[in-house]
Amino acid sequence: MMSTRKTGRVSPLKDSKFNEAFGADMPVLQGKHIQSIFKSKPASAPPFSKFYPKARDILSSQFKQFNEGKTDMNTALRDAEAQISQYIQGELGQ
């Protein structure tokens, strides 16, 4: 309850008393109609592509090279895009 009142963190608990106490001790939220944020549900996350794990590894590798100063940002992004496109086309048999 303290976290909800003092820091404005939304509680994962279902009890409405937590929603009513949201931000009650935060001066910046005084006089605001904050109860409207509890009237809708957040959209669910989109599903990951089956290519995501390998594409993430390729991008991480290029970022590491950029971070080590071996390449510049534009080159790293261009190379990552080319490698990911090549990987996807290979997986799709094109």
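Because the structure is predicted, anything quoted here is derived from the model rather than measured. (Residues numbered from 1 in each chain as written. Predicted model: local features only at pLDDT ≥ 70, side-chain atom pairs only at ≥ 80, totals over all residues. Heavy atoms only, no water.)

(A) Spatial organisation of a nonpolar patch on the surface. Taken together, the side chains of Leu-59, Met-73 and Leu-77 present a nonpolar region at the surface, about 250 Å² in accessible area. For Leu-59, the position within the fold is in helix H3 (residues 52-67). (Patch = residues over 30% accessible without salt bridge, like charges linked within 9 Å, V, L, I, M, F, W, Y side chains within 5 Å. Areas by Shrake-Rupley, 256 points an atom, 1.4 Å probe, with all protein chains shown as cover. Salt bridge = Lys/Arg side-chain N within 4 Å of Asp/Glu carboxyl O. Helix = DSSP H or I, 4+ residues; strand = E, 2+ residues; numbered from the N terminus.)

(B) Quick peek at the packing of aromatic side chains. Enumeration according to the criterion identifies four aromatic pairs in this entry. Judged by centre distance (6.0 Å) and plane angle (85°), the ring pair of Phe-51 and Tyr-87 falls under edge-to-face. Highlighted residues: Phe-51 in the loop between helix H2 (16-20) and H3 and Tyr-87 in helix H4 (residues 73-92), separated in sequence by 36 residues. On the basis of relative accessible area, Phe-51 is assigned to the buried category, the value being 13%. Their ring planes at 45° and their centres at 6.2 Å tell us that Phe-63 and Phe-66 sit as a pair that is tilted. One end of the pair is Phe-63 and the other is Phe-66, both in helix H3 and three residues apart, which spans about a single turn. Among the residues examined, Phe-63 registers a relative accessible area of 47% and is labelled partly exposed. (Phe/Tyr/Trp six-rings, centres within 6.5 Å; stacked < 30°, edge-to-face > 60°. Buried < 20%, exposed > 50% of the residue type's maximum accessible area, 1.4 Å probe, protein only.)

(C) Layout of the pattern of salt bridges. Scanning the model with the defined rule gives three salt bridges in all. For Asp-25, the salt bridge identified is with Arg-5, shortest N-O distance 3.0 Å. Of the two residues, Asp-25 is situated in the loop between H2 and H3 and Arg-5 in helix H1 (residues 2-7); the sequence distance between them amounts to 20 residues. Judged by its relative accessible area of 30%, Arg-5 falls in the partly exposed class. Lys-70 is the partner of Glu-68 in a salt bridge, and the nearest nitrogen-oxygen pair spans 3.1 Å. In this structure Glu-68 comes out as partly exposed when scored by relative accessible area, which is 44%. You can call Lys-70 exposed: its relative accessible area is 62%.

(D) Layout of H3. Compared with the 22 Å implied by 1.5 Å per residue over 16 residues, the 22 Å span of H3 between its first and last C-alpha is a close match. All of the buried residues in H3 are Ala-55, Ile-58 and Gln-62. All buried residues of H3 lie within an arc of 65° about the axis, which places them on one face of the element. In H3, the exposed positions angled more than 90 degrees off the buried face are occupied by Lys-64 and Asn-67. If you follow the buried residues of H3, they end up packed against H4. Just downstream of H3 lies Gly-69, where phi reads positive at about 80°. (Expected span 1.5 Å × (residues − 1). Arc of directions from axis to C-beta. Contact = heavy atoms within 4.5 Å.)

(E) The arrangement of the side chain of Gln-62 in detail. Looking at the element boundaries, Gln-62 is found in helix H3. Assessed through its relative accessible area of 4%, Gln-62 is described here as buried. Excluding residues within four positions of it along the chain, Gln-62 makes contact with Thr-71, Ala-76, Asp-79, Ala-80 and Gln-83.

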